[in-house]
Amino acid sequence: MNKNRCSWAGPEEIYIRYHDEEWGVATHDDRELFEMLVLESFQAGLSWITILKKRENFKKAFDNFDVVKVANYDDKKVNELRENAGIIRHKGKIASAINNAQIFIEIQKEFGSFDEYIWGFTDGETIKAEYLTESDLSKEISKDLKKRGMKFVGPTIIYSYLESIGIIDNHQKECYKF
C-alpha cells in the first residue's frame, strides 16, 4: 500500500524508513537523545540525507554515542575522527561533540537525566506544530544550552532536534502520521 508521507520523506528508502520509524517518535533514552544531538549538530550546513547515509559510520566512530566515552576523547581520538572518511570531519563539529558530551553529563547530573531536562521544557508533552525552522521553544532551549556552554546548538538545529526526538510533531496534514 502506498502511504502519503511528508513531502521530504523520499524517494530514498533510508529517508522513508527514518520518517516512518523515527522522526517525530517520542524518545526518552539518553543515549538516543545524545546521538540525535550529535547528528543534528553535524548536519549544520549539510543535508539530512548526508547524515543518514553516514549514520552507521558515526555510530562506530563515536562509540555508539556513549556519552561518557565521547566526553573523554583525547587528541589521539580527535585525530582518528579527523581522518575518518566515513563521517563529517569538520574540526569544530568534532570538538563540539566532545564539549557537548561533557555538558550533557553535567545536565544529567543536575536533572537526573537529559530526558528530564529536555522534556521538562514542555512538561513531557509533544507539541503539534506547523512546518517551521525554529520556534520560541527552540530559541529558549538553544539559549539555555549555549549558556551552559554547548556549541552548534542554534535555534534551527535545536528545532530539527526537537522534531527528531518527538517533542515537536511536524508531520504534514497529507501525511499518514499526521
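Residues numbered from 1 in each chain as written. Predicted model: local features only at pLDDT ≥ 70, side-chain atom pairs only at ≥ 80, totals over all residues. Heavy atoms only, no water.

A. The arrangement of the packing of aromatic side chains in detail. Under the counting rule described, the total for this entry stands at 14 aromatic pairs. Ring geometry for Tyr 18 versus Trp 48: centroids 5.5 Å apart, planes at 50°, classification tilted. On the criterion of sequence distance, the pair formed by Tyr 18 in helix α1 (residues 13-21) and Trp 48 in helix α3 (residues 48-61) is long-range, its members being 30 residues apart. For Trp 48, a relative accessible area of 11% translates into the label buried. Judged by centre distance (4.9 Å) and plane angle (65°), the rings of Phe 42 and Phe 58 are edge-to-face. Here Phe 42, found in helix α2 (residues 30-43), pairs with Phe 58, found in helix α3; they are 16 residues apart in sequence, far enough to count as distant. Phe 42 gets classed as buried once you look at its relative accessible area, which sits at 1%. Accessibility expressed as a relative area gives 0% for Phe 58, which makes it buried. Through a chain of ring-to-ring contacts, three or more aromatic side chains come together here, namely Phe 34, Phe 104, Phe 111, Phe 114, Tyr 117 and Phe 121. (Phe/Tyr/Trp six-rings, centres within 6.5 Å; stacked < 30°, edge-to-face > 60°. Helix = DSSP H or I, 4+ residues; strand = E, 2+ residues; numbered from the N terminus. Buried < 20%, exposed > 50% of the residue type's maximum accessible area, 1.4 Å probe, protein only.)

Interpretation in functional terms is not warranted from these geometric data alone.
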